[in-house]
Amino acid sequence: MNKKKIHKLILFFSSFLFIASAENKFQFHRSKSRSISTVLLPLKTQEIPSSKLPFTHNVTLTVNLTVGTPPQNVTMVLDTGSELSLLQCNATGFKRHPVFEPNRSSTYIPIACSSPTCTIETQDFSIPTSCDSKNICHTVLSFADSSSFEGSLARDNFNFSGSEFPDTIFGCMFTGYSSNPDEDSKTTGLMGMNRGSLSFISQMGFKKFAYCISSSNLSGVLLLGESNFTWTWPLNYTPLIQISTPLPYFNRVAYTVQFKGIRVAEKLLQLPKSVLEPDHTGAGQTMIDSGTQFTFLLGPVYTALKSEFINQTTGILRVLEDPNFVFQGAFDLCFQIPINSTAAKMELPSVTLIFNGAEITVTGERLLYRVAGEMRGGDAVHCFTFGNSDLLAIEAYIIGHHHQQDTWMEFDIEKSRIGVASVRCDLAGQRLNLRRSLLRNG
């Protein structure tokens, strides 16, 4: 497989990020606690690389903030699949711009390898931390496309529009390997948002967060903390799966849910229960990941979905008969569609992902992705947006954010559940902007 650096098309939302009032419950490495007032942040769009899976043009979230004293501007990708925030800290090593320069910050403090932060709170890292020659906590992050980054754990002040989050723990990465270094140039780092003790959301003490991405105009909103809005939608909740015993292929700090099945239009696929649940090694968990674009299914489930989708679209879609073409190494179901047509003009069957207590339905244009530069005569090539995990040697189901569009996604950490509701996310943005006006005028 040609492992290319993953690119993400980051969404600069036309709406604002709301960080609702929440108590900042610092852990034992915190020097103080404080109440966080409401903070508004603009989200932006740009094309940047990522180190998750080999695909291009991923639509996700970024946030601009400042770090250090005096403050340095940084741009970070919000990623529910990562347990640690990281910043690129060496322009020579990464040839990136912008980078965070720790020697310019008077509040930057490297973390000793003997500290509890290094020895205890990193236990869920996939690669154990170590001690470097200066007795600083050394960390290595490695990703599925073979990219890796090395650096030190450190703490510094993070600032959102005037509200300060002091002593935030992050990885200051000084060296690394990128499978596409020429493109690795447009963000400063990654904001880890999973349930690990050193993720950004855990350190800040927020009990929940939510986001909503519009399928119509790529606007959207991200909310950290309790909304306390009377107009929010009724949510269907699915519980997070908790496994206390470490297993080799199970990520215990991921947002893992119980996958129950798939429905194509009105037809429920006949799938054995065993293929939808993690096995004794932990392989087969189902993760909700904002850092991944499309959805990846393990082989038996993918094959069943592929067969039924082809069956229900016979006479509507023309299958691309090219066994040598597999888009991004995982998408082997593609179609030839006249260049002047789109999926929105076709009557395609919906695909519903069924979880324990909740469902996510994918319709219309979200089912197909046009492959840039691929033509067959007068036809454009569009690929099914569900990929085969087996082709990437990934032992998991991954629900990507492309299939979360027009869905209010709430991550309720305190109650260990995820809430979903089918909504018009562009309207959600308008309502949150109305709320912003009320806050300003109140």
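A. Quick look at the confidence of the model for the chain. Counting all residues, the mean pLDDT for the chain is 80, and 75% of those residues have values of 70 or more. Note that pLDDT drops below 50 for residues 37–59; the model gives that stretch 134 contacts with residues more than four away or on any other chain. Confidence drops under pLDDT 50 across residues 179–184; counting only partners more than four residues distant or on other chains, this segment forms 15 contacts.

B. Inspection of the pairing of strand 20 (residues 259–264) at higher detail. Taken together, the 5 bridges between strand 20 and strand 26 (residues 351–355) define a ladder with antiparallel strand orientation. Bridge assignment links V264 to a residue of strand 26, and that residue is V351. Pairing between strand 20 and strand 21 (residues 267–268): 2 bridges, direction antiparallel. When the sheet's bridge partners are listed, R263 is paired in strand 21 with L268. Connecting strand 20 to the antiparallel partner strand 21 that follows it, the hairpin turn spans 2 residues, and A265 within it adopts a positive phi of roughly 55 degrees.

C. Layout of the pattern of salt bridges. For the structure shown, the criterion picks out 13 salt bridges. Ionic pairing is found between K208 and E410, a salt bridge with its closest N-O pair at 3.7 Å. One end of the pair, K208, is in strand 16 (residues 208–213); the other, E410, is in strand 32 (residues 407–412), and 202 residues separate them in sequence.

D. Looking closely at the packing of aromatic side chains. All told, the structure shown has 20 aromatic pairs when counted by the stated rule. Between F100 and Y108, the ring centres sit 6.3 Å apart and the planes meet at 50 degrees, which makes this aromatic pair tilted. Note on F259 and Y397: the rings are 5.2 Å apart at their centroids and 80 degrees apart in plane angle, and the pair reads as edge-to-face. Taken together, the positions of F259 in strand 20 and Y397 in strand 31 (residues 396–400) put the pair 138 residues apart, joining distant regions of the chain. Just as F259 is buried, Y397 falls in that class too. Grouping aromatic residues by their ring pairs yields a cluster made of F100, Y108, F158, F165, F170 and F200. Sitting above the plane of the F325 ring, R376 keeps its charged end 5.6 Å from the centroid. If you follow R417 out to its NZ or CZ, it ends over the ring of Y237, 3.5 Å from the centre.

E. Inspection of the sheet that holds strand 21 at higher detail. The strand order 21-20-26-27 describes an open sheet built from 4 strands, whose pairing is antiparallel. A strand with exactly one partner marks an edge of an open sheet, and here the two such strands are strand 21 and strand 27 (358–362). Taken strand by strand, helix 4 (residues 299–312) contacts strand 20, strand 21 and strand 26, and its axis lies near 15 degrees from that of strand 20.

Conventions used here
Residues numbered from 1 in each chain as written. Predicted model: local features only at pLDDT ≥ 70, side-chain atom pairs only at ≥ 80, totals over all residues. Heavy atoms only, no water. pLDDT = per-residue confidence, 0-100. Contact = heavy atoms within 4.5 Å. Pairing = 2+ DSSP bridges. Helix = DSSP H or I, 4+ residues; strand = E, 2+ residues; numbered from the N terminus. Salt bridge = Lys/Arg side-chain N within 4 Å of Asp/Glu carboxyl O. Phe/Tyr/Trp six-rings, centres within 6.5 Å; stacked < 30°, edge-to-face > 60°. Buried < 20%, exposed > 50% of the residue type's maximum accessible area, 1.4 Å probe, protein only. Lys NZ or Arg CZ within 6 Å of the ring centre and 35° of its normal. Axes fitted to C-alpha atoms, helices over the stretch in contact; angles between N-to-C directions.

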